[in-house]
Amino acid sequence: MQDQAPMEDLARYAAGGDSAALDRLLTEIRPEVVRRCARFLPCREDAEEAAQDVLLQVARHITGFQGRSRFGTWLYTVVANCCRQKYRELKRRAVEQPAAIEPAYAVDPRTTSVIAGSRVDLLEALDRLEREHPHLVAPLVYRDICQLDYAEAAERAGIPLGTFKSRLHEARKQVRPWLAAR
C-alpha cells in the first residue's frame, strides 16, 4: 500500500481485514466525521460524541463495505444514522431527567442561532417522519441530507428509482410544513 493511498483504497484494504489500513482510515476520516456530525447536532460535545459512535460503527462494520458505492457515501449514511440516534438519545434523556433551568435562562436554539435551529428543526422533523411515515425517511436522508445523486440514493435505499423519487416527493411534502411552522 502506498503512503498516500486514496481513501477508497484504504477503505477497501480495511474491508478486506487490513488492520493497519483501518487504523489509518479512522485517523484520516475523524476530522471530516466531526464536521459532518456538527452539521446535524448543534452542540459541539454532542457532535463529538456522535463522531465517536460513527468511528466505532465504521470499525465494527467496515467489512460490510463492498465498494459498490463510494466510501464517502457509505460513511455519510453511517454519520446520518448515528446523529439521528444521538438526537433521539438526547431527547429521551431530556424527558427522563429534565434539567432545572430558571425560565430567564432557558435558551431556545431556534432563537439564538439560525444554523443550530435549522438542525434541531430538521432532526425533529426526521424523528416525526420516522414515527408517522418510516418508509419516507431513507429517501429524504439520502438525497437531501447526504446529497447523493438520485440513482445512488435509490440503490442505497434498495428501491427502484421511480419509487425513490415518489417517496422523496412525498417526504418533502410531509416535512415542508413542519419546518415552515418553526
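Residues numbered from 1 in each chain as written. Predicted model: local features only at pLDDT ≥ 70, side-chain atom pairs only at ≥ 80, totals over all residues. Heavy atoms only, no water.

Colleague: Even after reading the chapter, I still don't get the pattern of salt bridges, so can you show me in this structure?
Modeller: Opposite charge on two side chains allows them to pair when their charged atoms are near. For the coordinates displayed, the defined rule picks out 15 salt bridges. Across the salt bridge formed by Glu89 and Lys86, the nearest N and O atoms sit 3.2 Å from each other. Taken as a pair, Glu89 and Lys86 lie in helix α4 (residues 71-96) at a separation of 3 residues, close to a single helical turn. On the accessibility criterion, Glu89 (23% relative accessible area) is partly exposed. (Salt bridge = Lys/Arg side-chain N within 4 Å of Asp/Glu carboxyl O. Helix = DSSP H or I, 4+ residues; strand = E, 2+ residues; numbered from the N terminus. Buried < 20%, exposed > 50% of the residue type's maximum accessible area, 1.4 Å probe, protein only.)

Colleague: What's the story with the packing of α4 against helix α7 (residues 137-145) in this structure? I'm lost.
Modeller: Helix-helix packing is characterised by the crossing angle of the two axes and by the distance between the axes. As a packed pair, α4 and α7 sit with axes 11 Å apart at the nearest point and diverge in direction by 120°. Relative to α7, the element α4 is oriented oblique. α4 and α7 meet at a crossing whose hand is right-handed. Taking contact as the criterion, the partners of Tyr76, Thr77, Ala80 and Arg84 in α4 are, on α7, Val137, Val141, Tyr142 and Ile145. Taken together, the residues of the contact of α4 with α7 break down into 6 nonpolar, 1 polar and 1 charged. (Axes fitted to C-alpha atoms, helices over the stretch in contact; angles between N-to-C directions. Parallel < 35°, antiparallel > 145°, perpendicular 65-115°, else oblique. Left-handed = near helix turned anticlockwise from the far one by under 90°. Contact = heavy atoms within 4.5 Å. Nonpolar A, V, L, I, M, F, W, Y, C, P; charged D, E, K, R; others polar.)

Colleague: Got a minute to help me understand helix α3 (residues 44-61) in this structure?
Modeller: Think of an α-helix as 3.6 residues a turn; residues three or four steps apart then line up on the same face. For α3, which comprises 18 residues, the first-to-last C-alpha distance of 25 Å matches the rise-based estimate of 26 Å (1.5 Å per residue) to within 8%. Within the span of α3, buried status applies to Asp46, Ala47, Ala50, Ala51, Val54, Leu55 and Val58. Residues of α3 that are buried make contact with α2 (19-40) and α4. (Expected span 1.5 Å × (residues − 1).)

Colleague: Is there a simple way to explain the packing of aromatic side chains in this structure?
Modeller: Centre-to-centre distance and the angle between the planes together describe a pair of aromatic rings. The tally for this structure, following the rule as stated, stands at 5 aromatic pairs. With a centroid separation of 6.3 Å and 70° between ring planes, the pair formed by Phe40 and Tyr76 is classed as edge-to-face. Of this pair, Phe40 sits in helix α2 while Tyr76 sits in helix α4; the two residues are 36 residues apart in sequence, bridging distant segments of the chain. Assessed through its relative accessible area of 3%, Phe40 is described here as buried. Taking relative accessible area as the criterion, Tyr76 reaches 6% and is therefore assigned buried. Plain terms: the ring middles of Tyr150 and Phe164 are 6.4 Å apart, the flat faces sit at 80° to each other, and that makes the pair edge-to-face. Residue Tyr150 is located in helix α8 (residues 150-157), and its partner Phe164 is located in helix α9 (residues 161-180); the two are separated by 14 residues in the primary sequence. Among the aromatic residues, ring-to-ring pairing joins Phe65, Phe71 and Trp74 into one connected group. Lying over the aromatic face of Tyr150, Arg143 brings its terminal NZ or CZ to 4.2 Å of the ring centre. (Phe/Tyr/Trp six-rings, centres within 6.5 Å; stacked < 30°, edge-to-face > 60°. Lys NZ or Arg CZ within 6 Å of the ring centre and 35° of its normal.)

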